[in-house]
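Take a look at the letters that make up each chain.
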Amino acid sequence: MDKEHEVLLNAFVIAKKRYRVFYNAGILVWEDESSKKAKTTVPITDVLSVVLSKLPHANGKQWMKRNKPQTSSAKAKREAHGSLDSDRIPVLSSSVSSTTTNTLATNNSIPPSHSNRGSSNDLANSDRREGDFYDGIHSGGGNYLVIHYAALVCPKASRWRVRSAVLYNSEERIVELWCNRLTSDLRDQNRPKNLLLFLNPYGGKKNALSLYERFAKPLFRLAEIDVNLIITQRAQQIYDIVTSKSIVLENYDGLVCCGGDGTFAELFNGLVTRTMMDLGIDVKHPPYLPKPHIPIGVIPAGSTDTVAYCLNGTTDIKTSIIHIILGQHSGLDIAAVYDAAVVKTIDYQPRPQLLKLYASVLSYGYLGDIAYDSEKYRWMGPKRYDYSGFKKFIGNRGYSGEIVVQFDRRGKQDPNDGVWCVDKCQRCQKALWDGGTEETSDQESLVVRGKFLMVNGANISCACLRSPQGFSPYCHLGDGLLDLVIVRHTSLFNNLRLLLTMTSKTKKISDLPFVEIYRTREFRFTTNVTPGAETTPVINSSSNQHSKWNCDGEVLLETNIIVESNCQLVRVFRRGILPKGGSVGAAAGIEQRTANALNSEDKETSCFGLCK
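This section reports on the structure supplied with the text. If you're wondering where the values come from, they're calculated on a predicted model, not measured in any experiment.

### Notes on the overall build of the chain
At step 1: Helix and strand counts for the chain come out as 14 helices and 23 strands.
At step 2: Going through the 612 residues of the chain one by one, you find that 58% of them count as buried.
At step 3: Sequence separation of at least 24 residues holds for 78% of the intrachain contacts in the chain that already meet a minimum separation of 6.
At step 4: When the accessible surface of the chain is split by element, carbon and sulfur atoms take 50% of a total near 26900 Å².

Shown next, in the form of structure tokens:
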């Protein structure tokens, strides 16, 4: 009988209660024999590891003694399932197959791949440090089957945690049979086993290294993922390393960065450039942008973490790590910025020079001024953005310009259609099937002129904890389109309305009368307004007359640009986000995933304090 039709069915003891456990077609279910309502369903796609043990794991009692008191209901539910917070993931001291490479990258050297592997003694010492009250647990043969799996513990906040179930059976042969079967199915999952991870220790609150050591390191070890860690020392070092031939990208199943949006931008800029170099494409004037085959991921440790928030619905670091481990990935649009100042008079005109790629937002005016001005106050840390933002807000500068927006004649996309980008998004899937292309003959142009406070090319919604709605809440991750958000220059009072709306959980800036949003695949911005237009042309190109572009937190000095969207150019580790309002079943696969985390007794609360 093949695996698909083979059914495993046995009785196990879980937390001193007898459970009926069965496994078939990648679905693991255990239910209390005395109460059919106490039932938990976990697909193999959510299982992180399966281990045989001669001794049981702690069932949560010792964990609770070392932490603050919990409610009786939360305590009962956690004890029933033997759940563990990922802060205290037990790592078996004999599981030395998963090692972590700690490589310090200097300014003048590029570290080799898979070098300086950690010893088993170092791993054992770290294990005792991460899970000291699990001493005495041994892997190998035994009567205990320890299953660690991911659970969506808080659907509204899109937070995932690692839980564990300890299954006991008096017959060692049965436990070994279950372990072999589950382990075999885990190997069939397309999950990363070797990761190249870049860590930026200077971004955000400068705590990326401590976050990695506390959360990422034990989880990667639990999942037996080999990590080559590179700690960066300067800006653009990730780009330089990825584009260097010294790094063999084929040795890795994924590239991951631990840092903010700027760190993530360095990663995919370097990866796309490296792909062009490998294919022999001109990196300055590429005829097209090739899609890299290796997926990328981000562990949020920056100031705002906009990209991580839009990808996962949260900036929770544990959730991002779990998504990377489980290995599911989907396409992410990447916008390309070209220099529009280059004009050719010959018949054959190559594409303009490629300046930069971005994943979140390209902003001219107010946010560009903040990015440029805040560089002088890097010693202030993340507070420099607040300081520079206040200065530029009071200044209330406006900049004249002309924007040419390209539309599809077959029907202009409505940026306020109310369709969220959620799990199994049909719009993104359709864009991937269509190849993200359209005929140029079906396009028409719209020219927008005036004086602007901001011009934003949003590749994603740009939502974050400070701005829950972002620039455009209905902007999709993989539909191959940009949302062009234009804020007209107006009074200081209206600017205050804009900032208050940006921080609102319910209001959208598109409702303001001085804000315009266009959904497009391409737009061009120039500061030289056509004579006879509504506004006075810019007299000269001095810095006083122009702003700067803020490209994923990096300043671009070129003013006249062309921006094009590239449909799902890169693959990112992520899982779909539940629809707003938590309407289970609105997207394919949500019912099953919700059932994994919530049983019938968990209707009143869904996080049990685990997401704190």
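That shown, we press on.
### Observations regarding the packing of helix 5 (residues 208-222) against helix 9 (residues 317-326)
At step 1: Here helix 5 crosses helix 9 at 30 degrees, and the two axes come no closer than 10 Å. Viewed along their axes, helix 5 and helix 9 adopt a mutual orientation that is roughly parallel. Pair helix 5 / helix 9 crosses with right-handed handedness. Counted together, Leu211, Phe215, Ala216, Leu219 and Phe220 of helix 5 and Ile317, Lys318, Ile321, Ile324 and Ile325 of helix 9 form the full contact between these two elements.
At step 2: In the contact of helix 5 with helix 9, the residues fall into nine nonpolar, no polar and one charged.

### Observations regarding the packing of aromatic side chains
At step 1: Applying the stated criterion to the full structure yields ten aromatic pairs.
At step 2: Ring centres 5.4 Å apart and planes at 85 degrees place the aromatic pair Phe12 and Trp178 in the edge-to-face group. Placement of Phe12 in strand 1 (residues 8-14) and of Trp178 in helix 4 (residues 172-187) is noted, with a sequence separation of 166 residues between them.
At step 3: Taking the relative accessible area as the measure of exposure, Phe12 reaches 0% and is therefore buried.
At step 4: Geometrically, the ring pair formed by Trp420 and Tyr474 is edge-to-face, given 5.0 Å between the ring centres and 75 degrees between the ring planes. In this pair, Trp420 sits in the loop between strand 16 (399-408) and helix 12 (426-433) while Tyr474 sits in the loop between strand 17 (443-458) and strand 18 (482-488), placing the two residues 54 residues apart along the sequence.
At step 5: Ring pairing ties together the aromatic residues Tyr364, Tyr399, Phe525 and Trp549, which thus form one cluster.

### Focus on the nonpolar core
At step 1: Phe264, Phe268, Ile296, Leu332, Leu498, Val515 and Val570 are the most contacted members of the largest nonpolar core, which totals 64 residues.
At step 2: Tallying contributions element by element places helix 7 (residues 261-278) first for this core, with seven residues.
At step 3: If near-sequence neighbours (up to four positions away) are discounted, Phe268 is found in contact with Ile296, Ile334, Leu357, Tyr358, Ala359, Asp552 and Val570.
At step 4: Formed by 33 residues, the second largest nonpolar core is a distinct cluster that contains Ala150, Val162, Leu195 and Val256.

### Topic: the pattern of salt bridges
At step 1: A complete count under the given rule lists 20 salt bridges for this structure.
At step 2: Between Glu171 and Arg173 there is a salt bridge, and its shortest N-O distance comes to 3.1 Å.
At step 3: On the basis of relative accessibility, which here comes to 38%, the residue Glu171 falls in the partly exposed class.
At step 4: Exposure remark for Arg173: the relative accessible area of 58% places this residue in the exposed category.
At step 5: For the salt bridge of Asp373 with Lys376, the shortest nitrogen-to-oxygen distance reads 3.1 Å.
At step 6: Taking the relative accessible area as the measure of exposure, Asp373 reaches 5% and is therefore buried.
At step 7: For Lys376, a relative accessible area of 55% corresponds to the exposed category.

### With respect to the environment of Asn228
At step 1: Position of Asn228 relative to the elements: it lies in strand 10 (residues 226-231).
At step 2: Spatially, the C-alpha atoms of Asn228 and Leu197 are 6.0 Å apart, while their sequence positions differ by 31 residues.
At step 3: In terms of polar contacts, Asn228 uses its side chain to reach the side chain of Tyr252, at 2.9 Å.

### Overview of a nonpolar patch on the surface
At step 1: A grouping of Phe390, Ile394 and Leu492 is seen on the molecular surface, where their side chains present a nonpolar patch of about 300 Å² in accessible area.
At step 2: Positionally, Leu492 belongs in helix 13 (residues 492-502).
At step 3: Judged by relative accessible area, which is 36%, Leu492 ranks as partly exposed.

### Here's the deal with helix 4
At step 1: Look at helix 4: 22 Å from first C-alpha to last across 16 residues, which is about the 22 Å you get at 1.5 Å a residue.
At step 2: Among the residues of helix 4, those classed as buried are Ile174, Val175, Trp178, Cys179, Arg181, Leu182, Ser184, Asp185 and Leu186.
At step 3: Buried residues along helix 4 sit against strand 1, strand 2 (17-24), strand 3 (27-32), strand 5 (47-53) and strand 7 (144-154).

### Details of the pairing of strand 17
At step 1: One ladder, built from five bridges, connects strand 15 (residues 361-365) with strand 17; its direction is antiparallel. The residue bridging Ser363 from the neighbouring strand is Asn456, located in strand 17.
At step 2: As judged from the six bridges shared by strand 17 and strand 18, these two strands associate in the antiparallel manner. Opposite Phe452, over in strand 18, you have Arg488 as the bridge partner.

### A few points about the side chain of Ser158
At step 1: Here Ser158 lies in the loop between strand 7 and strand 8 (159-168).
At step 2: With relative accessibility at 8%, the residue Ser158 sits in the buried group.
At step 3: The residues touching Ser158, leaving out its near neighbours within four places in the chain, are Leu152, Asn312, Gly313, Thr314, Thr319 and Ile577.

### Considerations on the pairing of strand 3
At step 1: With five of its six residues buried, strand 3 lies for the most part within the structure.
At step 2: Count of turn residues in the strand 2/strand 3 antiparallel hairpin: two residues, of which Ala25 carries a positive phi of about 50 degrees.

### What to know about the environment of Leu195
At step 1: Checked against the element boundaries, Leu195 lands in strand 9 (residues 194-199).
At step 2: Note on Leu195: relative accessible area 0%, which makes it buried.
At step 3: Along the backbone, Leu195 and Leu229 are 34 residues apart, and their C-alpha atoms lie at a distance of 8.4 Å.
At step 4: The residues contacting Leu195, other than those within four sequence positions of it, are Phe220, Ile225, Asp226, Val227, Asn228, Tyr252, Asp253, Gly254, Val256 and Ile324.

Definitions and limits used
Residues numbered from 1 in each chain as written. Predicted model: local features only at pLDDT ≥ 70, side-chain atom pairs only at ≥ 80, totals over all residues. Heavy atoms only, no water. Helix = DSSP H or I, 4+ residues; strand = E, 2+ residues; numbered from the N terminus. Buried < 20%, exposed > 50% of the residue type's maximum accessible area, 1.4 Å probe, protein only. Contact = heavy atoms within 4.5 Å. Areas by Shrake-Rupley, 256 points an atom, 1.4 Å probe, with all protein chains shown as cover. Axes fitted to C-alpha atoms, helices over the stretch in contact; angles between N-to-C directions. Parallel < 35°, antiparallel > 145°, perpendicular 65-115°, else oblique. Left-handed = near helix turned anticlockwise from the far one by under 90°. Nonpolar A, V, L, I, M, F, W, Y, C, P; charged D, E, K, R; others polar. Phe/Tyr/Trp six-rings, centres within 6.5 Å; stacked < 30°, edge-to-face > 60°. Core = buried A, V, L, I, M, F, W, Y, C linked by side-chain atoms within 4.5 Å. Salt bridge = Lys/Arg side-chain N within 4 Å of Asp/Glu carboxyl O. Polar contact = N/O pair within 3.5 Å; in protein donor to acceptor, adjacent residues only side chain to side chain. Patch = residues over 30% accessible without salt bridge, like charges linked within 9 Å, V, L, I, M, F, W, Y side chains within 5 Å. Expected span 1.5 Å × (residues − 1). Pairing = 2+ DSSP bridges.

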